Amino acid sequence: MKESYLSKYAPVEYVNVLDAVHDQMQRNVIGLDNTEANQAYDRLKITIGNFRSLVSVNLFMDDDYKMMTASQSWPWEQWREASHQLNEADDALVKAYDDFLRICHRNQLF
């Protein structure tokens, strides 16, 4: 996602991985001994959920169930707003992921 995400489509396999990670994060509440890392983990969990929610509202399954794509029937203005929201959510997700890894690495949690 960091290098190949486009707001007009999302491979279902990527969406499924995000769903699985988010579900696991929701079910297994962990508490890291490091407050900064714990807060970064919570931010990551929230940003995954936000991104996934936007994908499910703005992208639609193709006929082969392999790709979620933009609706061809939406007016340009509606799609432009959805695309903007998806891109912002993707940027936030990548940042939250990177921040979490940096914090954990800096605090030798890996």
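First, a word on what this report is: a plain description of the structure on this page. (Residues numbered from 1 in each chain as written. Predicted model: local features only at pLDDT ≥ 70, side-chain atom pairs only at ≥ 80, totals over all residues. Heavy atoms only, no water.)

**What about the sheet that holds strand β3 (residues 67–69)?**
Which entries qualify depends on this criterion: Should DSSP find at least two bridges between two strands, the strands are taken to pair. Here a strand is any run of E in DSSP of at least two residues, a helix any run of H or I of at least four, and the numbering for each starts at the N terminus.
On the basis of which strands lie adjacent, the open sheet formed by three strands has the order β1-β3-β2 and antiparallel pairing. Each edge of the sheet is formed by a strand with only one pairing partner; in this case those strands are β1 (9–11) and β2 (60–61).

**Quick word on the packing of aromatic side chains**
Keep this limit in mind: Stacked, tilted and edge-to-face pairs are distinguished by plane angle, under 30 degrees for stacked and over 60 for edge-to-face with tilted covering the rest, among Phe, Tyr and Trp rings (Trp via its six-membered ring) whose centres lie within 6.5 Å. The rule is simple: take the accessible area with a 1.4 Å probe, protein chains only, and divide by the maximum for that residue type; under 20% is buried, over 50% is exposed, in between is partly exposed.
Considering all chains together, one arrives at three aromatic pairs under this definition. Where Trp-74 meets Trp-79, the ring centres are 6.3 Å apart and the plane angle is 50 degrees; that geometry is what we call tilted. Taken individually, Trp-74 and Trp-79 each receive the classification buried, so the pair is uniform in this respect. Of the aromatic side chains, those joined through ring pairs into one cluster are Phe-60, Trp-74 and Trp-79.

**Comments concerning unusual backbone geometry**
Phi is mostly negative for residues that are not glycine, and the peptide bonds are mostly trans. Residues other than glycine seldom take positive phi values, yet Tyr-65 does so here, at roughly 60 degrees. Note that Tyr-65 resides in the loop between β2 and β3. Tyr-65 sits in the exposed class, given a relative accessible area of 61%. The backbone of Gln-108 shows a phi angle near 55 degrees, a positive value even though the residue is not glycine. Mapping Gln-108 onto the fold places it in the segment after α3 (76–106). The exposure class assigned to Gln-108 is exposed, which follows from its relative accessible area of 71%.

**Description of the nonpolar core**
One broad trend across soluble globular proteins is that nonpolar side chains are buried collectively. Note the cut-off: Buried residues of nine kinds, namely Ala, Val, Leu, Ile, Met, Phe, Trp, Tyr and Cys, make up a nonpolar core once their side-chain atoms join them within 4.5 Å. Here, residues are in contact when the closest pair of their heavy atoms is within 4.5 Å.
Grouped together as the largest cluster of nonpolar side chains are 25 residues, with contacts concentrated most on Leu-44, Val-55, Leu-59 and Trp-79. In contact with Val-55, other than residues within four places in its own chain, are Val-15, Met-68 and Leu-86.

**Re helix α1 (residues 12–27)**
Using the following cut-off: Expected helix span is given by 1.5 Å per residue-to-residue step, counting one fewer step than there are residues. The reported arc concerns the directions from the helix axis to the C-beta atoms and nothing else.
The terminal C-alpha atoms of α1 lie 22 Å apart, and with 16 residues this matches the ideal 22 Å at 1.5 Å per residue to within 8%. Taken as a whole, α1 has its buried residues at Val-12, Val-15, Leu-18, His-22 and Met-25. Taken end-on, α1 shows its buried residues confined to a sector of 150 degrees, consistent with a single buried face. Every exposed residue of α1 that faces more than 90 degrees away from the buried side is listed here: Glu-13, Val-17 and Arg-27. Buried positions along α1 lie against β1, α2 (35–58), β2, β3 and α3.

On their own, these measurements won't tell you what the molecule is for.
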